[in-house]
4 protein chains.
Amino acid sequence: MELKIAAEEMTEFLNEVFPQVKGMFSIDSLSAEKLVMRLHEDEKHLRPGGTVSGPAMFSLADVAAYVATMGFVGKEALAVTTHCSIDFMRKPEAGKDVLAHARVLKLGKTLSVTDVLLYSEGSPKPVAHASLTYSIPPFANRA
Amino acid sequence: MELKIAAEEMTEFLNEVFPQVKGMFSIDSLSAEKLVMRLHEDEKHLRPGGTVSGPAMFSLADVAAYVATMGFVGKEALAVTTHCSIDFMRKPEAGKDVLAHARVLKLGKTLSVTDVLLYSEGSPKPVAHASLTYSIPPFANRA
Amino acid sequence: MELKIAAEEMTEFLNEVFPQVKGMFSIDSLSAEKLVMRLHEDEKHLRPGGTVSGPAMFSLADVAAYVATMGFVGKEALAVTTHCSIDFMRKPEAGKDVLAHARVLKLGKTLSVTDVLLYSEGSPKPVAHASLTYSIPPFANRA
Amino acid sequence: MELKIAAEEMTEFLNEVFPQVKGMFSIDSLSAEKLVMRLHEDEKHLRPGGTVSGPAMFSLADVAAYVATMGFVGKEALAVTTHCSIDFMRKPEAGKDVLAHARVLKLGKTLSVTDVLLYSEGSPKPVAHASLTYSIPPFANRA
């Protein structure tokens, strides 16, 4: 499969479609094999103890799966998450950004399945592991 | 099983432990059989189209499972989510609060499993369905 | 929603489509609100200790979600499971059948989501809880 | 982490603990980084169309997660699956064995989390993706 959108264009598209999370996430790298997406550590996502909260990690996994899928599908604001399974395995490190490594395992006609591993920046052990399914509108341009 | 904390005390405990989400959630009712928890519709959780976002629904399911579990365990700030599976089934209605109906299916020595159904207020069809596992510290007081 | 197939006709359909599991499962009751399906306790599904194995419980949840969905869709051999999340919560009782209580939470154009609780017969506490997604071929007759 | 059991000893242990599935599964390779486990294609696991059934794939993912975990924990027959999320993404190829590539993402004091990708032998695209949690008895020897 080939990418239809490069990182810069994707960032503009994200900011346009989800203005409410502008500045929260950014794309470190985007290729056909893997997306690396960053959650900027930010006071409002913190739990007691100074670590990134579960909902903030879910948000990162969700947007990473969206971006990884849209890379192959093209700009398609109407794709929606239909399922997420997420295992929280370790406490993220305080004061560190969280990075999502996302890989599209399947891109079908109406569904995509994306594997996402989350890491505290600089640490080799994943803090969370998620699998997300997106429903893609049938009229999406995947010619 | 009997509840160890009533709704009012639980609300105070939540505000103390998670000050950053104060005002976002509230408890409609809490019994040994079921917790009903409310996500106040709020500009910042919205997706394009005016509906509640996936991450906001995840947050509601997560806090509802926490509160339902703590009802039986007692105040235990250190319990952590280890897993969540969530199916997003329908678009929440614009301009409506989302209600979580949570039921503890298992309360073991170190884990709880909670079933959560989410509804747009006034609608009988669930918008999402989640199952969450919490890890409970072994020193929690469950005598 | 109304059922399109009654229990007897469904049993014949199952035996025809899945001859390899004939005799393993049977339908206790089937209504628009709930399906109760039975896994006949059987030497070959047992784990050490005489309890029903995890894979046998998965099979029961899977076939129950299929039958509950087909009740509304009509005979559709080609529907396939796309996702299952299952929590194993208690050890099933030795020497007891396992009963699945299945409820279709969503029936969309291409996907169904079914909630399944599994019980050892005669016990009120669930042994497992599953959520399954079936992909339904677009040409299925759901007029 | 270092492995405590080599492939041959693990195979003997499996046959002893789960005699009912003897001959169904075998270990292709076992290292600290990855386990490759094989489901021998076999008439009794087949669906209409000659492909491996969903329950047979679940069984393979389950036993692979068990073996990958036990490699680090040592022989511990009492570990039990507490959760499995599995996405079925493609139809396995008829007449081919299915291979599980399993990787332990977390080994905690009481829980392990294992990622499993399933492939039809000779094909690069995964047929299923699973995440499994095992509960490990506290008295297990992990010194």
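Residues numbered from 1 in each chain as written. Chains lettered and ligands numbered in written order. Predicted model: local features only at pLDDT ≥ 70, side-chain atom pairs only at ≥ 80, totals over all residues.

Engineer: Sorry, what's going on with the interface of chain A and chain D here?
Structural biologist: By a frequent convention, interface size equals the accessible area lost on bringing the separate parts together. Residue-level contacts link 12 residues of chain A with 11 residues of chain D. Mapped onto the side of chain A that touches chain D, the elements with two or more residues apiece are β3 (80–88), β4 (98–107), β5 (111–120) and β6 (128–135) of chain A. Looking at which element gives the most residues to the side of chain A that touches chain D, the answer is β6 of chain A, with 3 residues. (Contact = placed C-beta atoms within 7 Å. Helix = DSSP H or I, 4+ residues; strand = E, 2+ residues; numbered from the N terminus.)

Engineer: Is there a simple way to explain the environment of K75 of chain D in this structure?
Structural biologist: All names here are of chain D. Its place among the elements puts K75 in the loop between α2 (54–73) and β3 (80–88). The class for K75 is partly exposed, based on 17 C-beta atoms found within 10 Å. Spatially, the C-alpha atom of K75 lies 9.9 Å from that of V17, the residues being 58 residues apart in sequence. What K75 contacts, discounting residues up to four positions off in sequence, is I5, F13 and M70. (Buried ≥ 20, exposed ≤ 12 C-beta atoms within 10 Å, placed from the backbone.)

Engineer: Honestly, the relation of the copies chain A and chain D in this entry has me stumped. Any pointers?
Structural biologist: Both copies of the chain are related by a screw-like operation: a rotation about an axis and a shift along it. For the pair chain A and chain D, the superposition axis carries a translation of 0.0 Å, the fit reaches an RMSD of 0.0 Å, and the rotation angle comes to 180°. As the rotation angle and translation indicate, the two copies are arranged about a two-fold axis. Looking at the rotation axis and the C-alpha trace of chain A, the residue lying nearest is S85 of chain A, at 3.4 Å. When you check the interface residues of chain A against chain D, 92% turn up at the interface there too, and the contact is symmetric in its surfaces. (Least-squares fit on C-alpha atoms with pLDDT ≥ 70 in both.)

Engineer: In this structure, what is going on with the sheet that holds strand β1 (residues 25–30) of chain A? I would like to understand it.
Structural biologist: What holds strands together in a sheet is hydrogen bonding between their backbones, with the strands either parallel or antiparallel. Across the sheet, which stays open at both edges, the 12 strands sit in the order β1(A)-β2(A)-β4(A)-β5(A)-β6(A)-β3(A)-β3(B)-β6(B)-β5(B)-β4(B)-β2(B)-β1(B) with antiparallel pairing between neighbours. The open sheet terminates on both sides in strands that have one partner only, identified here as β1 of chain A together with β1 (25–30) of chain B. Between one strand and the next, the sheet's axes are offset by a mean angle of 25°, whatever the strand orientation. Against the sheet, helix α2 (residues 54–73) of chain A makes contact with β1, β2 (35–39), β3, β4, β5 and β6 of chain A together with β3 (80–88) of chain B, and its axis sits at roughly 45° relative to β4 of chain A, the strand it touches most. Along the sheet, helix α2 (residues 54–73) of chain B makes contact with β3 of chain A together with β1, β2 (35–39), β3, β4 (98–107), β5 (111–120) and β6 (128–135) of chain B, crossing β4 of chain B at roughly 45°. (Pairing = 2+ DSSP bridges. Axes fitted to C-alpha atoms, helices over the stretch in contact; angles between N-to-C directions.)

Any functional reading would require information beyond the geometric quantities listed.
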